[in-house]
Amino acid sequence: MELIVLGERDVHELLPIADCIEVMDGAFRTVARGGFMQPLRSIAWLPDRRGAIGMMPGFLAEPDAVGAKVITVFPENRAAGLESHQGSVLLHETQTGKPLAIVHAGAVTAIRTAAVSALATRILAKESASCLALLGSGTQAHTHLESMMSVRPIARVKVWSRTPANARAFVDAAAAARGIEIETSASAREAVRGAQIVCTLTAATKPVLEGAWLEPGMHVNAVGSSVPPFRELDNAVVERSRIFVDNRECVLNEADDLRMPIAAGLIGADRILADLAELAAGTAQGRTSGSDVTLFKSVGMAIEDIAAARELYRRAVLQGRGTRVDY
């Protein structure tokens with residue numbers, strides 16, 4: 001039995017973000033048709049809470065694949081120059097369960113997360129949105145800059161980080177690579193002011209975005225917080241927004257950005273107007289006017305990893321990429 005192993009470089013070269021956006025669109029349309037299975041992720045924290053290991057299994061009918069992402073999350077890794085997310089996506093075929101590939105999970109997560117945000121932005125943000133605020137300067141900031149530029153005419157970018165030196169390093173690298181106007185902001189509020197698209201991409205446990213800063217017509221992608229105790233949005237953000245999510249069940253069980261205002265009685269679960277599958281399939285309405293503030297809250301789904309891994313495997317076979325292992 002031959003198994004293909006795809007490393008970080010393979011993932012980035014085989015599946016550009018612009019292509020991944022279309023892969024995610026197809027995956028969420030499959031979800032809309034009911035062609036998926038996905039239990040809630042299972043997470044085990046180390047006793048000292050320095051890090052956690054999680055497993056996200058799932059099945060997707062089209063393209064047909066079954067698999068799981070097994071990943072560790074160690075937020076303090078960033079201080080040592082390492083990615084906070086480490087692990088593998090395990091891809092199997094659906095007739096016999098035979099393993100097909102082991103794929104670098106950090107690279108898949110970076111690409112598919114930004115692609116999902118871009119899909120939501122393509123549906124929800126104003127078509128003329130040209131000013132982008134990035135709250136955070138890590139891996140997801142890099143991939144979200146690329147993904148937002150793929151779906152909207154981004155001409156100006158403002159970046160804030162809790163570590164100013166990281167924001168400056170990000171801006172220097174991005175400005176040289178992209179050739180657009182990009183600048184650091186002294187505060188999150190300053191970064192958000194005047195932006196039409198805001199992406200929160202941090203590992204914060206206390207809100208970094210406040211509802212008082214929101215302006216008519218803004219679209220927010222809240223990405224960094226996927227499990228308790230991480231939280232990026234204050235209560236006023238969700239109170240002021242038309243709320244959309246990647247998956248209702250996952251968000252209501254895992255995202256403190258919405259769980260906490262719901263628990264406080266400030267909003268009900270019915271304030272979630274649609275999930276991304278409904279938006280992608282065109283069965284739910286997104287933005288209703290130019291003044292709407294739209295919020296897309298994502299926590300990440302196994303079917304995203306599986307769809308990306310399935311496409312990576314297909315391309316690897318066609319192009320002879322990856323390392324073949326006699327399994």
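Criteria and thresholds
Residues numbered from 1 in each chain as written. Predicted model: local features only at pLDDT ≥ 70, side-chain atom pairs only at ≥ 80, totals over all residues. Heavy atoms only, no water. Helix = DSSP H or I, 4+ residues; strand = E, 2+ residues; numbered from the N terminus. Rg over C-alpha atoms; globule rule 2.2 N^0.38 Å. Buried < 20%, exposed > 50% of the residue type's maximum accessible area, 1.4 Å probe, protein only. Contact = heavy atoms within 4.5 Å. Areas by Shrake-Rupley, 256 points an atom, 1.4 Å probe, with all protein chains shown as cover. Lys, Arg positive; Asp, Glu negative; His and termini not counted. Charge placed at Lys NZ, Arg CZ, Asp CG, Glu CD. Pairing = 2+ DSSP bridges. Axes fitted to C-alpha atoms, helices over the stretch in contact; angles between N-to-C directions. Phe/Tyr/Trp six-rings, centres within 6.5 Å; stacked < 30°, edge-to-face > 60°. Lys NZ or Arg CZ within 6 Å of the ring centre and 35° of its normal. Expected span 1.5 Å × (residues − 1). Salt bridge = Lys/Arg side-chain N within 4 Å of Asp/Glu carboxyl O.

*Asks:* I would appreciate a short explanation of the overall build of the protein in the present structure.
*Replies:* Scanning the protein from terminus to terminus reveals 11 helices and 16 strands. Scaling as 2.2 N^0.38, a compact globule of 327 residues should have a C-alpha radius of gyration of about 20 Å, and the protein matches this with 19 Å. Based on the C-alpha atoms only, the size of the protein along its principal axes is roughly 55 × 45 × 45 Å. Looking at the 327 residues of the protein, the share that counts as buried comes to 52%. A sequence separation of at least 24 residues applies to 73% of the contacts in the protein between residues at least 6 apart. Surface exposure of the protein reaches about 13,400 Å², of which carbon and sulfur atoms provide 51%. Between the mean site of the 34 positive side-chain charges and the mean site of the 37 negative ones, the protein shows a separation of 3 Å.

*Asks:* Any chance you could explain the sheet that holds strand β15 (residues 294-297) here in plain terms?
*Replies:* Adjacent strands of a sheet pair through backbone hydrogen bonds, lying either parallel or antiparallel. The strand order across the open sheet built from 8 strands is β10-β9-β8-β11-β12-β15-β13-β14, with neighbouring strands paired in parallel fashion. Only two strands of the sheet have a single neighbouring strand rather than two, namely β10 (181-184) and β14 (272-275). Ignoring strand direction, the axes of neighbouring strands in this sheet form an average angle of 20 degrees. Against the sheet, helix α3 (residues 105-124) touches β11 (197-200), β12 (219-222), β13 (242-245) and β15, its axis set at about 160 degrees to β12.

*Asks:* Is there a simple way to think about the packing of aromatic side chains in this case?
*Replies:* For any pair of aromatic rings, geometry is given as the distance between the ring centres together with the angle between the planes. Considering all chains together, one arrives at 1 aromatic pair under this definition. One residue, R49, lies across the ring of W45, its end atom 4.3 Å from the ring centre.

*Asks:* For this particular structure, what's the right way to read helix α4 (residues 139-151)?
*Replies:* Helical periodicity: at 3.6 residues per turn, an α-helix aligns residues three or four positions apart in one direction. The end-to-end C-alpha distance of α4 is 19 Å, a good match for the 18 Å that 13 residues give at a rise of 1.5 Å each. Restricting attention to buried positions, one finds in α4 the residues Q140, A141, T143, H144, L145, S147, M148 and V151.

*Asks:* What exactly am I supposed to notice about the pattern of salt bridges here?
*Replies:* In a structure, side chains of opposite charge can pair up when their charged atoms sit close to one another. Summed over the entire model, instances satisfying the criterion amount to 25 salt bridges. One salt bridge connects D25 with R29, and the closest N-O pair in it is separated by 3.1 Å. Of this pair, D25 and R29 both sit in helix α2 (residues 17-32), 4 residues apart, which is roughly one turn of the helix. Here R29 falls in the partly exposed class, since its relative accessible area comes to 35%. Residue R41 pairs with E254 through a salt bridge whose shortest N-O separation is 3.1 Å. Separated by 213 residues along the polypeptide, R41 in the loop between β2 (36-37) and β3 (42-45) and E254 in helix α8 (residues 248-254) bring together distant segments of the chain. What you see here is one network of salt bridges that share partners, running through R9, D10, E13 and R321.

*Asks:* Explanation requested: unusual backbone geometry in the structure shown.
*Replies:* Excluding glycine, most residues fall at negative phi; most peptide bonds, likewise, are trans. Residue P63 is reached from E62 by a cis peptide bond, and omega for that bond is -5 degrees. Relative to the elements of secondary structure, P63 occurs in the loop between β4 (52-61) and β5 (64-73). Each neighbour pair has its own omega, and for P228 with P229 the value is 10 degrees, a cis peptide bond. Here P229 is to be found in the loop between β12 and α7 (235-240). The phi dihedral of R49 is positive, around 65 degrees, even though this residue is not glycine. Positionally, R49 belongs in the loop between β3 and β4. Relative accessible area serves as the criterion here: at 47%, R49 is assigned to the partly exposed category.

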